[in-house]
Amino acid sequence: MKPRFNIISLTSCTGCISTLISLDIFPQFLERIKINYFLFILDSDDIEECEIALVEGCISEETQINLIRKIRKRAKRVFALGTCACFGGILSLSNSKKAEPLSNHIEIDGMIPGCPPPSKFFGNCLINLVGNKDIILSEKNMCANCPLRGSIEINSHIKITKINPNPEEIRLGEENSECFLNNGILCLGPITRDGCEHKCIKMGLPCEGCMGPVSKDFTSNVVNFLSLIELSQELQKYTGIYNRFSKPKINR
Amino acid sequence: MQKIVNVCTRVEGHGEVKIMLQNDEVSLANFEFNVYRGFEKFLIGKRLLDIPKFVSRICGLCYASQAIASCKTLEDIYNIEISEQSIYLRRLLMTAELIKSHSMNFFFQTLPDLLKIFNISKNTLSPYELIKFNPQLTSNLYDLIKFGNEINEIFGGRSVHLISIVPGGVIYSPSGKLILLSQKYLQKALTIVEWIIEDFIKLFGNQIPPEDFNLPNTICLAKNNHGIYDRYSGSLSLKEDKNLIEFEAQNYTRYFNKEINLRGIDFFFENKKNVIVGPFSRYKIIEKYDFDKINTYLEYFNKSWTNNLLFINFLRLLEIYIESYKCIQILGEPSLNVRKYLPSFKSIKKNEGIGVIEAPRGTLIHNYHINKNNIIDEIKLFIATEFNIPLLNQMITKYAQELFDKTGDIKLVEKEVQMIIRAFDPCISCATH
């Protein structure tokens, strides 16, 4: 029997869903599963029982808490799809809105992180899910396979003055051989999970951490990391760093 | 008064239709959203050069449009002109986004409605049934989505929230081999979309669209370049019947504006007509595309079509054709092969900037204001779907009133009004920014 899927969006940009539909393997994926609920492409009345629920987006509204519990109840396995569902996502920048990951309210069986999840990785995750296997995430950080890897040692001698290179300073491929941290540019690679094929770094920009932490909590990892290095006065209070993809978990 | 709420299906994001029944009559039908994310609020105080990366996350379908409109706004504040190469690359990324967006809307969302409206299928076909209905059309549309996606991956670094779009231009890295591959993708896209256009003409060209879908008298708003189809450069135009007003984006407040934190756009027209943006307005304002072949295709559709909401489906296909063709030319430009460094963003020249482009769903305007300390203190985002909402609500109210009057079946009304909503191709993620 084909596995039944529910694919649901909470508060999101729909970017993970549009990436899913754009995947090379999406037509084959559709053939091998039965879609029960997927409002983007299908008329569906209610969330029925399924083997797998893929949920994109964060929880920003009270009503979504009941919804996510219902999704959990009716699915054998639930997976958080994308950075918002895994960690809270971009809405974490807001002071007035909640941006909670699914795991704040339900138990999840795995996650497919990334903003959006990188296509190859996403495709492999779907193949695993259809085959009733788990999603395997790398246990390494971004630096382990970084094309700019040098002998970077995180310590207070690293002085960070920028969170991005200025446009005129962006260097590509062979032009760019030195670790961003050595150049005073904040790269979250040391605390971010490997798996995105270093797409930003190859484009001359530092890692902004969308794949999430290798372990533990997102924001506390960022705070711990930044406490090891010297951060310019201007950047110390900049929420654009601390809350870019997750709020601190103060209630848990 | 009785309120009936129904979740909209086959649209981007989460939207609901609310129908008000009073004395056994429909008094109002509204398309509404429950979530409001507040980008205009939480981006205040953020570093100017970070804004494009943040606003891209407003929408996973209009990501390139949002980021590019934002970059244009910053370039206005810093008075920076970007290179010809960067303009080519931005156009390319916008086209790839449009191919994906229009194809997804056509195949998954509106084609099942068209087939049902014209009695070609009895039921609304699911993606599984569409494959059986027309396997070639299905595989062609999947290919179009894939080509758009691949070009975004090659020139943007990933499928959505493109890495290469930064203030000052586009970070450029593709090799000659990847440029050739992209050309092949677009040439295939051109062949495929031509086939789909001809299939559309065969299926619907001889039909007369239902009058319920006729657009009321509206005011069209779109960007254009001296009367030529252009989603990146040019000025804005408003057109009502034959009257055309052309104006620079800086003067938009003469015609419309918005209150921050309140939803909706206020228009300052005396006649209270609603505004429409998107492929329909782009077509009405330029009157003729600069492609003989496209104008020949248009001749298959008589007046009963050209003022009908369902015609927008056809216009979307034509836009895929036009832009694929133009991007094949761009990929052959010699200036594309030179690695250029991006300009420097050293001194702020103005305390306000405006960036306008045409997103796949219509006019998109970003307007940022900065204070004495060069900190961003006001952001206004004018989103295509926000422009269209009053007209959409006007149309669904009329449709719901007439259908309920005729049938008395509210369940039917709830389902059928959604066909009008889908024909507008609303982007709820953008609208709930």
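Rules behind the numbers
Residues numbered from 1 in each chain as written. Chains lettered and ligands numbered in written order. Predicted model: local features only at pLDDT ≥ 70, side-chain atom pairs only at ≥ 80, totals over all residues. Pairing = 2+ DSSP bridges. Helix = DSSP H or I, 4+ residues; strand = E, 2+ residues; numbered from the N terminus. Contact = placed C-beta atoms within 7 Å. Axes fitted to C-alpha atoms, helices over the stretch in contact; angles between N-to-C directions. Buried ≥ 20, exposed ≤ 12 C-beta atoms within 10 Å, placed from the backbone. Core = buried A, V, L, I, M, F, W, Y, C linked by C-beta atoms within 7 Å. Domains from an automatic or database assignment. Arc of directions from axis to C-beta.

**Considerations on the sheet that holds strand S6 (residues 219-224) of chain B**
All names here are of chain B.
So, step 1. Read from one edge of the open sheet, four strands run S8-S7-S6-S11, paired in mixed fashion. Of all the strands in the sheet, the pair left with one neighbour each is strand S8 (243-247) and strand S11 (275-276).
So, step 2. In terms of strand pairing, strand S7 (residues 235-240) meets S8 through five bridges, oriented antiparallel. Its bridge partner lying in S8, Ser237 is registered against Glu246.
So, step 3. Where helix H8 (residues 279-286) meets the sheet, its contacts fall on S6, S7 and S11, and the angle it forms with S6 comes to roughly 80°.

**Quick look at the environment of A:Pro113**
Residues and elements named next belong to chain A.
So, step 1. Here Pro113 shows up in the loop between strand S5 (110-112) and helix H5 (119-130).
So, step 2. Look at Pro113 and you get buried, because 26 C-beta atoms sit within 10 Å.
So, step 3. On a C-alpha basis, the gap between Pro113 and Arg193 in space is 9.3 Å, while along the polypeptide they are 80 residues apart.
So, step 4. Residues contacting Pro113, with those up to four places away along its chain left out, are Thr83, Cys86, Arg193, Met211 and Gly212.

**Description of the interface of chain A and chain B**
So, step 1. Facing the 46 residues of chain A at the interface are 50 residues of chain B.
So, step 2. Listing elements by their share of the side of chain A that touches chain B, those giving two or more residues are helix H1 (15-22), helix H2 (26-32) and helix H6 (199-202) of chain A.
So, step 3. When residues in the side of chain A that touches chain B are grouped by element, the largest group, seven residues, is from H1(A).

**A few points about the nonpolar core**
So, step 1. Counting 202 residues, the largest nonpolar core has A:Val55, B:Ile396 and B:Ile420 as its most contacted members.
So, step 2. At 16 residues, helix H4 (residues 84-117) of chain B tops the list of elements feeding residues into this core.
So, step 3. Here this core spans two domains, since at least three of its residues come from each of domain 1 (4-130) and domain 2 (142-242) of chain A.
So, step 4. Filtering out sequence-adjacent residues up to four positions away, B:Ile420 remains in contact with B:Phe213, B:Leu309, B:Met395, B:Ile396 and B:Tyr399.

**Here's the deal with helix H7 (residues 218-228) of chain A**
Residues and elements named next belong to chain A.
So, step 1. Among the residues of H7, Phe218, Thr219, Asn221 and Val222 are the ones counted as buried. Projected down its long axis, H7 carries its buried residues within an arc of 160°, all on one side. Exposed positions of H7 whose direction lies more than 90 degrees from the buried face are Asn224, Ser227 and Leu228.
So, step 2. The elements touched by buried residues of H7 are helix H4 (82-87) and helix H9 (239-242).

**Comments concerning the environment of B:Asn302**
So, step 1. Residue placement: B:Asn302 occurs in the loop between helix H9 (292-298) and helix H10 (303-306).
So, step 2. In this structure, the C-alpha to C-alpha distance between B:Asn302 and B:Asn206, residues 96 residues apart in sequence, is 9.3 Å.

**What about the environment of B:Arg282?**
All names here are of chain B.
So, step 1. Summarising the element assignment, Arg282 is placed in helix H8.
So, step 2. Between the C-alpha atoms of Arg282 and Glu319, which are 37 residues apart in sequence, the distance is 9.8 Å.
So, step 3. What Arg282 contacts, discounting residues up to four positions off in sequence, is Ala222, Tyr229 and Glu358.

**With respect to the pairing of strand S1 (residues 2-7) of chain B**
Residues and elements named next belong to chain B.
So, step 1. A small share of S1 lies buried, amounting to zero of its six residues.
So, step 2. Examined bridge by bridge, S1 and strand S2 (residues 16-22) share six bridges and lie antiparallel to one another. Residue Lys3 lies in a different strand from S2, and its bridge partner there is Met20.

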